Amino acid sequence: MENNTDHSEQTNYSPLTVEDVDVDFLPIVYDIIRSVERDFHDNASKIRESHECSHRVLELQKRLEIAKAQIRRLPGIEFNKHDQLKQFELLRTQLRLKRELLQKYRNMCSFETSFK
């Protein structure tokens, strides 16, 4: 039906992962720079290339807006750096405690099996 790479359907506000964000701008930027660097001798070619370059710039602007919208949907983006670091430390502490509990459980199980 529709192409899966079409980003115009951004009404779905479900959270994204970083891998889902489309930030592949380099080919468009390269084309724009290459267009600007070309030296045409006739006016018709200059006008055509100028029009194509303008089209590429508009495409780049559109892709940047889509990327901004996608980035706003990343989980945790609404928090500042300090809050993110605080949450990260909290999660790291939880992970450490769970690993310690798991290790105690393993030790307890191995201790019980040695007495059977």
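None of the values given here were measured: they were computed from a predicted structure.

Regarding the nonpolar core
Soluble globular proteins tend to pack their nonpolar side chains together in the buried interior.
Move 1: Core analysis: the largest hydrophobic core is formed by 6 residues, namely Phe25, Ile28, Ile32, Cys53, Leu60 and Ala67.
Move 2: When contributions to this core are tallied by element, the ones reaching two or more residues are helix H1 (26-37) and helix H2 (43-72).
Move 3: Examining the composition of this core, we find that 3 residues originate from one element, H2, more than from any other.
Move 4: Not counting chain neighbours up to four residues away, the residues in contact with Ile32 comprise Cys53, Arg56, Val57 and Leu60.

A closer look at the pattern of salt bridges
Move 1: Tallied over the full model, the rule gives 8 salt bridges.
Move 2: Of the charged contacts in the structure, one is a salt bridge between Arg63 and Asp22, with a shortest N-O distance of 3.5 Å. Pair noted here: Arg63 is in helix H2 and Asp22 is in the segment before H1, with a separation of 41 residues, a long-range link.
Move 3: In this structure, Asp31 and Arg34 form a salt bridge, with 3.6 Å as the shortest nitrogen-oxygen distance. You can see Asp31 and its partner Arg34 sitting in helix H1, 3 residues apart, about one turn around the helix.
Move 4: According to the relative accessible area criterion, Arg34 is partly exposed, its value standing at 32%.
Move 5: Members of the salt-bridge network, linked through shared partners, are Arg38, Glu49, Glu52 and Arg56.

Procedures and definitions
Residues numbered from 1 in each chain as written. Predicted model: local features only at pLDDT ≥ 70, side-chain atom pairs only at ≥ 80, totals over all residues. Heavy atoms only, no water. Core = buried A, V, L, I, M, F, W, Y, C linked by side-chain atoms within 4.5 Å. Buried < 20%, exposed > 50% of the residue type's maximum accessible area, 1.4 Å probe, protein only. Helix = DSSP H or I, 4+ residues; strand = E, 2+ residues; numbered from the N terminus. Contact = heavy atoms within 4.5 Å. Salt bridge = Lys/Arg side-chain N within 4 Å of Asp/Glu carboxyl O.

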